[in-house]
There are 2 protein chains.
Amino acid sequence: MLYKVVDGLICAYYSVLQDSVEEVNKMASSSQMLKGVLEGCLLAVISKGETYGYEMIERLQNYGLTMVSEGSIYPVLMRMQKEGLVSTVMRPSPNGPKRKYYSLTSEGRSDLEEFKERWEILSSGVNTLMEKGKV
Amino acid sequence: MLYKVVDGLICAYYSVLQDSVEEVNKMASSSQMLKGVLEGCLLAVISKGETYGYEMIERLQNYGLTMVSEGSIYPVLMRMQKEGLVSTVMRPSPNGPKRKYYSLTSEGRSDLEEFKERWEILSSGVNTLMEKGKV
DNA sequence: GTCCACTACTTTGTATAGCAAGATAGATGA
DNA sequence: TCATCTATCTTGCTATACAAAGTAGTGGAC
């Protein structure tokens, strides 16, 4: 019961201290890590050089992430664009319709760094969990 | 357009060949990996010895997975129980209400093994993606 | 010259995962 | 008896991942 109250106080604290909203988001996204791996991967791929969606799928599949498909990444890319993590340019393709090239904004780059840290924590945690259980 | 047809054929193929349903599920769960890390972690924790929910949270936090909370794991545990991955026993606690102890069924053990394989693929993929990007 | 196939992006609809918040309840000590 | 700790379950929301289908430009085959 007490910790509920403490939670409440913390919430109130955060909602008053506007500056801390970032902190809250960071915590939220940290627990969201279990889901949001795809976003981090896309940031990483784009960080290696301007690309477009259709190519990213191939790239990811080359990295062994074969489960990724168009229906997954395009919505994520649009969300990232809306959040200002990437900037886009349309350019004609030599063989097909126009391509939408993505590159990271500075905000996108710092987001990628944060993601790397969180990924490091998560993956090393899960790895030790799995290894020790080899029996 | 053609690949739509091919998709259709593959779907039909699978729906006819009942034995292949497992394959479909495996593929589905493989793409679900991005989400379902928590389930794998719980399976791993339980595999190390019978425990109860409240304790699992502490265990996971010891592994650095600090983002896990009660509201997250109890629904997952119940789902796993419903799917027959774990069996449960209620036993009194020395200091508090009864505890619900979980242990893996054989199905749960094989699910854990599958999860380990998929985790290996995912994490090594993401790791190389992140490492090469260190610039 | 009109199909077909390939490249490429977008939209829609759905299932469900993760989680905060709170309800419930046994045990214990002040 | 009241507060606190342990412990589980439930409710309700948000957003993720995804399949499926829609749109559209290009080029080759016939």
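Residues numbered from 1 in each chain as written. Chains lettered and ligands numbered in written order. Predicted model: local features only at pLDDT ≥ 70, side-chain atom pairs only at ≥ 80, totals over all residues. Heavy atoms only, no water.

- In the annotation of an unreviewed UniProt entry, the entry for chain A reads Lineage-specific thermal regulator protein, and the organism field reads Filibacter tadaridae.

1. Let's talk about the protein's contact with DNA strand C
Move 1: Neighbouring DNA strand C are 33 residues; Ser31, Tyr74 and Arg99 of chain A together with Lys35 and Arg79 of chain B lie closest to it.
Move 2: For DNA strand C, the fraction of atoms within 4 Å of the protein that belong to sugar or phosphate moieties is 68%.
Move 3: At 3.4 Å, a backbone N or O of glycine 53 of chain A approaches a phosphate oxygen of DNA strand C.
Move 4: One nitrogen or oxygen atom from the side chain of tyrosine 74 of chain A is found 2.5 Å from a phosphate oxygen belonging to DNA strand C.
Move 5: When residues in the surface near DNA strand C are grouped by element, the largest group, five residues, is from strand 3 (residues 96-104) of chain A.
Move 6: Considering only residue class, the surface near DNA strand C consists of 15 nonpolar, ten polar and eight charged. (Near = heavy atom within 4 Å. Polar contact = N/O pair within 3.5 Å; in protein donor to acceptor, adjacent residues only side chain to side chain. Helix = DSSP H or I, 4+ residues; strand = E, 2+ residues; numbered from the N terminus. Nonpolar A, V, L, I, M, F, W, Y, C, P; charged D, E, K, R; others polar.)

2. Focus on the relation of the copies chain B and chain A
Move 1: The transformation that overlays chain B on chain A combines an axial shift of 0.0 Å with a rotation of 180 degrees, and the residual RMSD is 0.0 Å. Such a turn and shift between the copies fits a two-fold axis. For chain B, the residue whose C-alpha comes nearest the rotation axis is lysine 35 of chain B, separated from it by 2.3 Å.
Move 2: Both copies contact each other with a shared surface, as 97% of the interface residues of chain B are interface residues in chain A too. (Least-squares fit on C-alpha atoms with pLDDT ≥ 70 in both. Contact = heavy atoms within 4.5 Å.)

3. Remarks on the packing of helix 4 (residues 53-62) of chain B against helix 5 (residues 70-82) of chain B
Geometrically, a packed helix pair is captured by the angle between its two axes and the distance between the axes.
All names here are of chain B.
Move 1: Contact pair helix 4 / helix 5: the axes reach a minimum separation of 10 Å and the direction vectors enclose 125 degrees. Taken as axis vectors, helix 4 and helix 5 run oblique relative to one another. Along this stretch, helix 4 crosses helix 5, giving a crossing that reads as right-handed. Along the contact surface, helix 4 presents Gly53, Tyr54, Met56 and Ile57, while helix 5 presents Glu70, Ile73, Tyr74 and Leu77. (Axes fitted to C-alpha atoms, helices over the stretch in contact; angles between N-to-C directions. Parallel < 35°, antiparallel > 145°, perpendicular 65-115°, else oblique. Left-handed = near helix turned anticlockwise from the far one by under 90°.)

4. With respect to the packing of aromatic side chains
Move 1: For the structure on display, the rule yields three aromatic pairs over all chains.
Move 2: Relative to tryptophan 119 of chain B, the ring of tryptophan 119 of chain A has its centre 5.8 Å away and its plane inclined at 35 degrees; by these criteria the two rings are tilted. Taken together, the residues tryptophan 119 of chain A in helix 6 (residues 106-132) and tryptophan 119 of chain B in helix 6 (residues 106-132) connect one chain to another. Taken individually, tryptophan 119 of chain A and tryptophan 119 of chain B each receive the classification buried, so the pair is uniform in this respect.
Move 3: Relative to tyrosine 101 of chain B, the ring of tyrosine 52 of chain B has its centre 5.4 Å away and its plane inclined at 70 degrees; by these criteria the two rings are edge-to-face. A residue pair is termed long-range when its members are at least 10 positions apart, and tyrosine 52 of chain B in strand 1 (residues 51-52) and tyrosine 101 of chain B in strand 3 (residues 96-104) qualify at 49 residues. Of the two residues, tyrosine 52 of chain B and tyrosine 101 of chain B, neither departs from the other in class, the shared state being buried.
Move 4: The residue whose ring lies beneath arginine 91 of chain A is tyrosine 101 of chain A, and the NZ or CZ to ring-centre distance is 4.6 Å. (Phe/Tyr/Trp six-rings, centres within 6.5 Å; stacked < 30°, edge-to-face > 60°. Buried < 20%, exposed > 50% of the residue type's maximum accessible area, 1.4 Å probe, protein only. Lys NZ or Arg CZ within 6 Å of the ring centre and 35° of its normal.)

5. Quick word on the packing of helix 3 (residues 37-47) of chain B against helix 5 of chain B
Residue and element names in this part refer to chain B.
Move 1: Between helix 3 and helix 5, the least distance of the axes is 10 Å, while the angle of their chain directions is 75 degrees. Considering the angle they form, helix 3 stands roughly perpendicular to helix 5. Between helix 3 and helix 5, the residues in contact are Leu38, Glu39, Leu42, Leu43 and Ile46 and Ser72, Ile73, Val76, Leu77, Arg79 and Met80, respectively.

6. What to know about the pattern of salt bridges
All names here are of chain A.
Move 1: One pass over the structure, following the stated rule, counts eight salt bridges over all chains.
Move 2: In this structure, arginine 91 and glutamate 50 form a salt bridge, with 2.9 Å as the shortest nitrogen-oxygen distance. Here arginine 91 is found in strand 2 (residues 86-93), whereas its partner glutamate 50 is found in the loop between helix 3 (37-47) and strand 1 (51-52), with 41 residues between them in sequence.
Move 3: Residue class for arginine 91 comes out partly exposed when judged on its relative accessible area of 34%.
Move 4: Residue classification places glutamate 50 among the partly exposed positions, given a relative accessible area of 37%.
Move 5: When the shortest N-O distance is used, the salt bridge between arginine 59 and glutamate 55 registers 3.5 Å. Here arginine 59 and its partner glutamate 55 are both found in helix 4 (residues 53-62), four residues apart, which amounts to about one turn of the helix.
Move 6: Glutamate 55 sits in the partly exposed class, given a relative accessible area of 21%. (Salt bridge = Lys/Arg side-chain N within 4 Å of Asp/Glu carboxyl O.)

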